[in-house]
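The residues making up each chain are set out below.
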Amino acid sequence: MSDTAARPGAREHRGPIPGTPTHEHVSLAEDWVASNYSPLPVVISHAEGAWVTDVEGRRYLDALAGYSALNFGHLHPGLVGVARAQLERLTLTSRAFHSDRLGPFCRDLAALAGKELVLPMNTGAEAVETAIKTVRRWGYEVKGVPDGRARIVVMAGNFHGRTTTIISFSDDPVAHDHYGPYTPGFDTVPFGDIEALEAAITDDTVAVLLEPIQGEGGVILPPDGWLRDVRELTRRRGVLMVADEIQSGLGRTGTTFACDLDGVVPDVYVLGKALGGGIVPVSAIVADRDVLGVITPGSHGSTFGGNPLAAAVGQAVVGLLATGEFQQRARQLGALLDSGLRELVGHGVDAVRCRGLWAGVDLDPRLMTGREASHRLLERGVLVKDTHGSTVRLAPPLVVGEVEIQILLDAFAAILH
């Protein structure tokens, strides 16, 4: 008798049989997967470009793109080719040794961002945590803040991840509640309020942490000129500006970084999601030597951070962005998306916020919730995700064409009638 079978209450383990229908896959997940997500009832088994196929052969337009992790689409041939070649050579050394992929990746990413150093990690939340540690250490060792007193100003409505430190300054009760005691050292001000931000900065403030566009909040755009005002204020007051571009960066908004829309260069970029090409988790913070130079051997690390497989894929992603092709596609196709969505305002849509191929659509709450809209779009072959009541987020891969944008717009219009 196997060890599994011998345990009281153990169930038989078996993989899915080809042809297993959707409801059985969903039931299996509900039995065995902790309920930290509430996915739509679709089970994807194959994908290519902007399209995915479920276990029963139905095709869907992916208009979410893994919350921007799939900016270059599913199974981009160039990225898959790089990953496949690296899998056959070397996947992990740990940072106890050098690899031939890490230096080239960090060099190219630093050049893309116009910075001097890169600290690679794995997930977006790790990158945010890395940024928090770095700016605190900078505050103590460079700015001269008394030890233990560093403070970081953050924005209301933020979403930077779900680790304990990060949710300590979240105002989303679902992410925040019942996980205390919470990490101190954060001051929250309204997103877009420069007066409140200036009032919150003290001699102990080491950084301002913000999303240039609040993605999880529903693609919330800042007031015109606000990012430039933040940049001027942080320089004048001697604090670091940290831009979380995990969702907004790497081509999504029609520019390499969302900060580029306002001609702003922060002290620290926080990157993730699309950096891994939808193949492997890759994240990083990117800054100049006067900031990242405070990190010394042993003061921060990750066994998998900067691993050769991740570095190879990340370098290939940077190569795609270096041409400017994807930024241009996001600008041009984003204009079509924006124009088409705005035609729906007053016809079941209350408001539209769009930058590049990224949009937040507020539905008339009397008509339906965002969740209901997601289900209706699923039935019409389009995958999206709701957030905060009656808001739907759209983030199709940057490889879509005009035909796919029109399919998305037609499906959206259809569910409003």
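Looking at an unreviewed UniProt entry, one finds the protein chain named ornithine aminotransferase and attributed to Terrabacter tumescens. If you open the UniProt record of the protein chain and go to Pathway (unreviewed entry), you find "Amino-acid biosynthesis; L-proline biosynthesis; L-glutamate 5-semialdehyde from L-ornithine: step 1/1."

(A) Fine view of the environment of serine 68. Relative to the assigned elements, serine 68 resides in the loop between β3 (59-62) and α3 (77-87). On the accessibility criterion, serine 68 (1% relative accessible area) is buried. When the C-alpha positions of serine 68 and glycine 215 are compared, they lie 9.8 Å apart, and in sequence the two are 147 residues distant. In this structure serine 68 touches Gln247, Arg252, Lys273, Ala274 and Ala395, once residues within four positions along its chain are discounted. At 3.2 Å, the side chain of serine 68 forms a polar contact with the backbone oxygen of glutamine 247.

(B) Summary view of the sheet that holds strand β8 (residues 240-244). Strand order in this open sheet of seven strands is β4-β10-β9-β8-β7-β5-β6, and the pairing throughout is mixed. Both edges of this open sheet fall to β4 (117-121) and β6 (186-189), since each of them pairs with a single strand only. Going across the sheet, the axis of each strand differs from the next one's by a mean of 20 degrees, ignoring polarity. When β8 meets strand β9 (residues 268-271), the two strands line up parallel, connected through three bridges.

(C) Inspection of the side chain of arginine 353 at higher detail. Considering the arrangement of structural elements, one finds arginine 353 in strand β11 (residues 349-354). The buried category is assigned to arginine 353, whose relative accessible area is 16%. At 3.1 Å, the side chain of arginine 353 and the backbone oxygen of valine 219 are in polar contact. Of the polar contacts made by the side chain of arginine 353, one reaches the side chain of aspartate 362; its length is 2.7 Å. Those residues in contact with arginine 353 that sit more than four places away from it in its chain are Gly218, Val219, Ile220, Leu221, Trp358, Ala359, Gly360, Asp362 and Thr391.

(D) Layout of the environment of threonine 253. The residue threonine 253 is located in the loop between β8 and β9 in this model. For threonine 253, a relative accessible area of 4% translates into the label buried. The sequence separation of threonine 253 and valine 313 amounts to 60 residues, and the corresponding C-alpha distance is 22 Å. A polar atom in the side chain of threonine 253 sits 3.0 Å from the side chain of threonine 255.

(E) Molecular detail of the packing of helix α13 (residues 370-379) against helix α14 (residues 402-415). Direction vectors running N to C along α13 and α14 enclose 120 degrees, while the axes themselves pass 10 Å from each other. The angle between the axes of α13 and α14 places the two elements in the oblique class. In this structure, α13 meets α14 at a crossing whose hand is right-handed. Packed against α13, whose contacting residues are Ala373, Arg376 and Leu377, the element α14 presents Ala411, Phe412 and Ile415 at the interface. When grouped by side-chain class, the residues that make up the contact of α13 with α14 number five nonpolar, no polar and one charged.

(F) Geometry of the sheet that holds strand β1 (residues 44-48). Pairing within the open sheet is mixed, and its four strands lie in the order β1-β2-β3-β13. Two strands close off the open sheet at either side, each with one partner strand: β1 and β13 (382-383). Relative to strand β2 (residues 51-54), β1 runs antiparallel, the two being bridged by four bridges. Each bridged residue has a counterpart across the sheet, and for histidine 46 the counterpart in β2 is threonine 53.

(G) How the structure looks around helix α12 (residues 325-342). Between the first and last C-alpha of α12 there are 26 Å, a value that for 18 residues agrees with the 26 Å anticipated at 1.5 Å per step. All buried positions along α12 are accounted for by Phe326, Gln327, Ala330, Leu333, Gly334, Leu337, Gly340 and Leu341. As for α12, its buried residues are in contact with α11 (308-322), β11, β12 (359-363), β15 (391-394) and α14.

(H) Expanded view of the layout of surface pockets. Looking at the largest pocket, its volume works out to about 1300 Å³. In this structure, the largest pocket is lined by 39 residues; those nearest its centre are Tyr37, Tyr67, Phe159, Arg162 and Glu216. Sorting elements by how many residues they give to the lining of the largest pocket places strand β14 (residues 385-387) first, with three residues. Partitioning the lining of the largest pocket into residue classes produces 15 nonpolar, 14 polar and 10 charged. Taken as a whole, the second largest pocket spans an internal volume of roughly 820 Å³. Tyr37, Ser38, Pro39, Leu40 and Val42 are the residues nearest the centre of the second largest pocket, which is lined by 26 residues in total. Looking at the lining of the second largest pocket, its residues break down into 18 nonpolar, five polar and three charged.

Parameters and conventions
- Counting from 1, residues in each chain are numbered in the order their sequence is written.
- Predicted model: local features are reported for residues with pLDDT of at least 70 only, side-chain atom pairs are reported and counted for 80 or more only, and whole-chain, interface and lining totals are derived from all residues.
- By convention in this description, side-chain values take in all heavy atoms of the structure and omit both hydrogens and water.
- UniProt positions are given in the numbering used here, feature names are shortened, and annotations may be inferred rather than shown by experiment.
- A helix here means a DSSP run of H or I that spans at least four residues, while a strand means a run of E at least two residues long, and both kinds are numbered starting from the N terminus.
- Think of it in three bands: residues with accessible area under 20% of the maximum for their type are buried, residues over 50% are exposed, and the middle band is partly exposed, with areas taken using a 1.4 Å probe on protein chains only.
- Contacts are assigned to residue pairs that have any heavy atoms within 4.5 Å of one another.
- For this analysis, a polar contact is any N or O atom pair within 3.5 Å, provided that within protein one partner can donate a hydrogen and the other can accept it, and provided that sequence-adjacent residues contribute only side-chain to side-chain pairs.
- For two strands to count as paired, DSSP must find a minimum of two bridges between them.
- All axes here are fitted lines through C-alpha atoms, helices being fitted over the stretch that makes contact, and every angle between N-to-C directions spans 0 to 180 degrees.
- Between 65 and 115 degrees an angle is taken as roughly perpendicular, under 35 as roughly parallel, over 145 as roughly antiparallel, and anywhere else as oblique.
- Left-handed describes a crossing whose near helix is turned anticlockwise from the far helix through less than a right angle; right-handed describes the clockwise counterpart.
- Polar here means any residue outside two lists: the nonpolar Ala, Val, Leu, Ile, Met, Phe, Trp, Tyr, Cys and Pro, and the charged Asp, Glu, Lys and Arg; Gly therefore counts as polar.
- Expected span of a helix, by definition, is 1.5 Å for each gap between consecutive residues, and there is one gap fewer than residues.
- Put plainly, a pocket is an open set of points on a 1 Å grid over the protein atoms alone with protein on both sides within 12 Å along at least five of seven lines, a cavity is a set where a 1.4 Å probe fits but cannot get out, and a lining residue has an atom within 4 Å of a point.
- Grid points are joined across faces, edges and corners, and a volume is the space filled by probe spheres set on the points.

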